[in-house]
Amino acid sequence: MPKRKRAGDPSAAASKQPQNDKRHYRQRAHANPFSDHALSYPASPDQFDWDAHYPAFAGSGKTPEFADVGCGFGGLLIALAPLYPDTLMLGMEIRVQVSQYVHDRIVALRSTTPPDPNSSSPGPYQNVSIVRANSMKFMPNYFPKHSLSALFFLFPDPHFKARKHKARIISPTLLAEYAYILRPGGIVYTITDVRDLHDWMRTHLEQFPLFEPVSEQELREEGKGPILDAVYTSTEEGKKVERNKGDKWLVCFRRIQVSRD
């Protein structure tokens, strides 16, 4: 009978595992936004403790300017955080395991990434955080009026069946909420690999009176090229589409100022 090997120290073995391995955060691809999820959320934006999420900015009075709705594994946030170190960014994700993965990833990056000696900004990734939230129900509970400069909807659930279209993240009712929290001049970024969903989002945004289309070229001329590049390439879904040589459909809209005269 062959000699059995002695089991090693499990904690030592665990320490050799790569940090934030997705295998330990397995979750279904989508969640039902109409389910009664066990979520806690602030009654109003001024009751939310942003200092706990962004301790390096505590006392500054800053609130998030970028919001990634359905942020998945946080690829966009991690890509943009070093590019805009003084801009607070928040990911919103309803799936418990996925949101925990992003939280752990941010904690690890904050503790292991060396600071830039030439930068006066707080340490790396101090400007990014995540909340587990149902964005279809509680967006105004987190963000004050006109507080955001960018809203991202990257590769959202297409909900192919017609009876499921009410669960799509772009709808007339939700667009009213997005217009409320997005400041005039702010940008809605959407991208998908599903042409039908692209047409749906574009049509609904075109029909809403507080948004106007803005071309990719215009945005790049305004200096938003790094944001667009991250929108195309930083997410897990975007990378999967590239591997499969699929199409990506981008459409962006600007929040307009309406005169009350």
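Residues numbered from 1 in each chain as written. Predicted model: local features only at pLDDT ≥ 70, side-chain atom pairs only at ≥ 80, totals over all residues. Heavy atoms only, no water.

**Re the overall build of the chain**
And then number 1: Per the secondary structure count, the chain includes 10 helices and 7 strands.
And then number 2: Of the roughly 14,400 Å² that the chain leaves accessible, carbon and sulfur atoms contribute 51%. (Helix = DSSP H or I, 4+ residues; strand = E, 2+ residues; numbered from the N terminus. Areas by Shrake-Rupley, 256 points an atom, 1.4 Å probe, with all protein chains shown as cover.)

**Focus on the pattern of salt bridges**
And then number 1: Enumeration according to the criterion identifies 11 salt bridges in this entry.
And then number 2: A salt bridge links R195 to D199; the shortest N-O distance between them is 3.1 Å. Residue R195 and its partner D199 are both found in helix α7 (residues 195-207); the two are separated by 4 residues, about one turn of the helix.
And then number 3: Its relative accessible area of 43% is what places R195 among the partly exposed residues.
And then number 4: In this structure D199 comes out as partly exposed when scored by relative accessible area, which is 24%.
And then number 5: Here R202 and D199 are joined by a salt bridge, their closest N and O atoms 3.2 Å apart. On the criterion of helical spacing, the pair formed by R202 and D199 is a turn pair, its members being 3 residues apart in helix α7. (Salt bridge = Lys/Arg side-chain N within 4 Å of Asp/Glu carboxyl O. Buried < 20%, exposed > 50% of the residue type's maximum accessible area, 1.4 Å probe, protein only.)

**Some points on unusual backbone geometry**
And then number 1: Of note, H146 is a non-glycine position whose phi angle comes to about 55°, a positive value.
And then number 2: Along the chain, H146 turns up in the loop between α5 (135-142) and β4 (148-154).
And then number 3: The backbone phi angle of F155 is positive, close to 50°, even though this residue is not glycine.
And then number 4: Position of F155 among the secondary structure elements: in the loop between β4 and α6 (172-181).

**Focus: the pairing of strand β7 (residues 249-255)**
Moving residue by residue along a regular strand, the side chains alternate between the two faces of the sheet.
And then number 1: Across the 7 residues of β7, 6 count as buried, placing the element largely inside the fold.
And then number 2: Taken together, the 6 bridges between strand β5 (residues 182-192) and β7 define a ladder with antiparallel strand orientation. In the sheet register, T190 faces β7, and the bridge partner there is V251.
And then number 3: Pairing of strand β6 (residues 211-214) with β7 involves 4 bridges; the strand directions are antiparallel. Along β7, the bridge assignment pairs P213 with F253. (Pairing = 2+ DSSP bridges.)

**Structural notes on the packing of α5 against α6**
And then number 1: Interaxial distance between α5 and α6 falls to 10 Å at its minimum, and their mutual angle equals 20°. Classed by the angle they form, the pair α5 and α6 counts as roughly parallel. Two packed elements cross with a definite hand, and for α5 against α6 that hand is left-handed. Here M136, M139 and P140 of α5 lie close against α6, whose contacting residues are L174, E177, Y178 and I181.
And then number 2: In terms of residue class, the contact of α5 with α6 is built from 6 nonpolar, no polar and 1 charged. (Axes fitted to C-alpha atoms, helices over the stretch in contact; angles between N-to-C directions. Parallel < 35°, antiparallel > 145°, perpendicular 65-115°, else oblique. Left-handed = near helix turned anticlockwise from the far one by under 90°. Contact = heavy atoms within 4.5 Å. Nonpolar A, V, L, I, M, F, W, Y, C, P; charged D, E, K, R; others polar.)

**Here we look at the sheet that holds strand β2 (residues 89-93)**
And then number 1: The strand order across the open sheet formed by 7 strands is β3-β2-β1-β4-β5-β7-β6, and the pairing between neighbours is mixed. Since the sheet does not close on itself, it has two edges, and those belong to β3 (128-132) and β6, each with one partner. Within this sheet the neighbouring strands show an average axis-to-axis angle of 20°, counted without direction.
And then number 2: Pairing of β2 with β3 involves 5 bridges; the strand directions are parallel. Bridge pairing in β3 links G91 to I130.

**Regarding α7**
And then number 1: Taking 1.5 Å as the rise per residue, α7 with 13 residues should run 18 Å; its terminal C-alpha atoms sit 18 Å apart, in good agreement.
And then number 2: Those residues of α7 lying buried are L197, H198, M201, H204 and L205. Each buried residue of α7 sits inside an arc of 140° when the element is viewed along its axis, so together they form one side.
And then number 3: Looking at the buried positions of α7, the neighbouring elements they touch are α6, β5, β6 and β7. (Expected span 1.5 Å × (residues − 1). Arc of directions from axis to C-beta.)

**Describing the pairing of strand β1 (residues 66-69)**
And then number 1: Burial along β1 is two-sided: the residues F66 and D68 and A67 and V69 are all buried.
And then number 2: By the bridge criterion, 4 bridges tie β1 to β2 in an arrangement that is parallel. Its bridge partner lying in β2, F66 is registered against M89.
And then number 3: For the handedness criterion, the β-α-β arrangement of β1, helix α3 (residues 75-80) and β2 is classed as right-handed.
And then number 4: Pairing analysis gives 3 bridges linking β1 to β4, with the strands arranged parallel. Each bridged residue has a counterpart across the sheet, and for F66 the counterpart in β4 is A150. (Right-handed = clockwise from strand over helix to strand, strands pointing away.)

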